[in-house]
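One-letter residues, chain by chain:
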Amino acid sequence: MNAVLRRNGLGLVAWLAGIVFFLPVAWMALTSFHSEADAATNPPSFAASLTLDGYREFFGAGGGASPWPALVNSAVASLVSTVLGLLLALPAAYALSIRRVRKWTDVLFFFLSTKMLPVVAGLLPIYLFAKNTGTLDDIWLLVVLYTSMNLPIAVWMMQSFLAEVPVAVIEAAQIDGARLPTVLARVVAPIALPGIAATALICFIFSWNELLFARVLTGVVAETAPVFLTGFITSQGLFLAKVCAASLVISLPVLAAGFAAQDKLVQGLSLGAVK
């Protein structure tokens, strides 16, 4: 009886926590379908009429800037940096988990320690470097930065995932004459696919949401979606309905990626990366 009550209590707490986390997103979605006058009312009106004006203005129907270049820039920077990070992290994780190098724990700590530096501390040197090399407002500079920023996390996660790969399978492939690239592509990668998917999703989310470097290092050509979103905060005030519509649209790629990879994400995280 006590076990049933404890299980039901934990389930109720989980549902309450889920509702608490979901309510702000639901409120943002509802506000995005209101007019600016209804969105600004205090207390808010639940029975206000719904409209798509916020979305029309976000997509430039009112003569404003089009969000498509910023969305494309974010997609390019996030996808390319994620792919590059995985390609670099896979052999590094292989050397730290299956064919371990000397003092591999120190190497892992070094990778993790690079994330302890505050991002703002490296902003000025990177800005001066970009200015002197003529790469300001260049989307490929963001690709390199996002790859380097996500690489420590990618290596750390994939190391724990690859540690679950049976060594006997790899040795059997090597006996059959498979070289290292073949072993990584045809043996290790399929077995560790859930972990690779989880790592890719986290790297994609970090890259898509990054604002500080994109805000400082880009202008018009390489502007990303989060930077475009900050443009709605003007001296004329905050247009709440339009901002909510823009926030929801910009969040959709991350939500879609998480929904598409949810089964792989659960399998990957259960392998031990966050235990």
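Residues numbered from 1 in each chain as written. Predicted model: local features only at pLDDT ≥ 70, side-chain atom pairs only at ≥ 80, totals over all residues. Heavy atoms only, no water.

## A few points about the environment of Phe-206
Logical step 1: For Phe-206, the location among the structural elements is in helix α10 (residues 193-209).
Logical step 2: On the basis of relative accessible area, Phe-206 is assigned to the partly exposed category, the value being 44%.
Logical step 3: When the C-alpha atoms of Phe-206 and Met-149 are compared, they prove to be 9.1 Å apart, with 57 residues separating the residues in sequence. (Helix = DSSP H or I, 4+ residues; strand = E, 2+ residues; numbered from the N terminus. Buried < 20%, exposed > 50% of the residue type's maximum accessible area, 1.4 Å probe, protein only.)

## Side note on the packing of aromatic side chains
Logical step 1: Under the definition given, this model contains five aromatic pairs.
Logical step 2: An angle of 75° between the planes, with centres 4.9 Å apart, marks the rings of Phe-58 and Phe-59 as edge-to-face.
Logical step 3: Centre to centre, the rings of Phe-58 and Phe-228 are 5.9 Å apart; their planes meet at 75°, and the pair counts as edge-to-face. Of this pair, Phe-58 sits in helix α3 (residues 53-58) while Phe-228 sits in helix α12 (residues 225-230), placing them 170 residues apart in sequence.
Logical step 4: Here the aromatic cluster, defined as three or more aromatic residues joined through ring pairs, consists of Phe-58, Phe-59, Trp-68 and Phe-228. (Phe/Tyr/Trp six-rings, centres within 6.5 Å; stacked < 30°, edge-to-face > 60°.)

## Some words on the nonpolar core
Logical step 1: The biggest cluster of nonpolar side chains holds 25 residues, and the ones touching the most others in it are Tyr-94, Ile-98, Met-158, Leu-162, Ile-170 and Val-188.
Logical step 2: If you list the elements that add at least two residues to this core, you get α4 (68-97), α5 (104-113), α7 (139-162), α8 (167-175), α9 (180-191) and α10.
Logical step 3: Sort the elements by how many residues they give to this core and α4 lands first, with six residues.
Logical step 4: Ignoring anything within four residues of it in the chain, the contact list for Leu-162 reads Leu-90, Ala-93, Tyr-94, Ser-97, Ile-98, Val-188 and Ala-192.
Logical step 5: Phe-204, Trp-208, Phe-232 and Ile-250 belong to the second largest nonpolar core, which has 16 residues in total. (Core = buried A, V, L, I, M, F, W, Y, C linked by side-chain atoms within 4.5 Å. Contact = heavy atoms within 4.5 Å.)

## A few points about the environment of Gly-195
Logical step 1: Relative to the helices and strands, Gly-195 resides in helix α10.
Logical step 2: Taking C-alpha positions, Gly-195 is 18 Å from Thr-147, a pair spaced 48 residues apart along the chain.

## Concerning the side chain of Ser-160
Logical step 1: The topology assignment puts Ser-160 in helix α7.
Logical step 2: Of note is the side chain of Ser-160, whose polar atom sits 2.6 Å from the backbone oxygen of Met-157. (Polar contact = N/O pair within 3.5 Å; in protein donor to acceptor, adjacent residues only side chain to side chain.)

## Describing the packing of α4 against α9
Logical step 1: The contact between α4 and α9 brings their axes to 11 Å, and the two run at 95°. Considered as vectors, α4 and α9 are oriented roughly perpendicular to each other. Taken together, the residues of α9 that come into contact with α4 (itself represented by Leu-90, Pro-91 and Tyr-94) are Leu-180, Leu-184 and Val-188.
Logical step 2: By residue class, the composition of the contact of α4 with α9 is six nonpolar, no polar and no charged. (Axes fitted to C-alpha atoms, helices over the stretch in contact; angles between N-to-C directions. Parallel < 35°, antiparallel > 145°, perpendicular 65-115°, else oblique. Nonpolar A, V, L, I, M, F, W, Y, C, P; charged D, E, K, R; others polar.)

## So, unusual backbone geometry
Logical step 1: Of note, the phi angle at Asp-137 is positive, near 60°, even though the residue is not glycine.
Logical step 2: Residue position: Asp-137 is located in the loop between α6 (123-133) and α7.

## Let's talk about the packing of α4 against α7
Logical step 1: Close contact between α4 and α7 brings their axes to 6 Å; oriented N to C, the two are set at 35°. Handedness of the crossing formed by α4 with α7: right-handed.
Logical step 2: Of the residues in the contact of α4 with α7, the class split is 22 nonpolar, six polar and no charged. (Left-handed = near helix turned anticlockwise from the far one by under 90°.)

## Some points on a nonpolar patch on the surface
Logical step 1: Together, Leu-12, Trp-15, Leu-16, Ile-19 and Leu-23 make up a nonpolar patch on the protein surface, roughly 570 Å² of accessible area in all.
Logical step 2: Its place among the elements puts Ile-19 in helix α1 (residues 2-32). (Patch = residues over 30% accessible without salt bridge, like charges linked within 9 Å, V, L, I, M, F, W, Y side chains within 5 Å. Areas by Shrake-Rupley, 256 points an atom, 1.4 Å probe, with all protein chains shown as cover. Salt bridge = Lys/Arg side-chain N within 4 Å of Asp/Glu carboxyl O.)

## Brief notes about α7
Note that an α-helix has 3.6 residues per turn; residues three or four places apart therefore point the same way.
Logical step 1: Compared with an ideal rise of 1.5 Å per residue, which puts 24 residues at 34 Å, α7 spans 32 Å between its outermost C-alpha atoms and is within 8% of the ideal.
Logical step 2: In α7, a bend of some 40° at Leu-151 exceeds every other bend along the element, and Pro-152, a proline, comes one to four places later.
Logical step 3: In terms of burial, α7 is a largely internal element, 17 of the 24 residues being buried.
Logical step 4: A side-chain oxygen of the first residue of α7 lies 3.0 Å from the backbone nitrogen of Trp-140; this N-cap is Asp-138. (Expected span 1.5 Å × (residues − 1). Bend = angle between axes of the 7 residues up to and from the residue.)

Take it as geometry only, folks, not as evidence of what the structure does.
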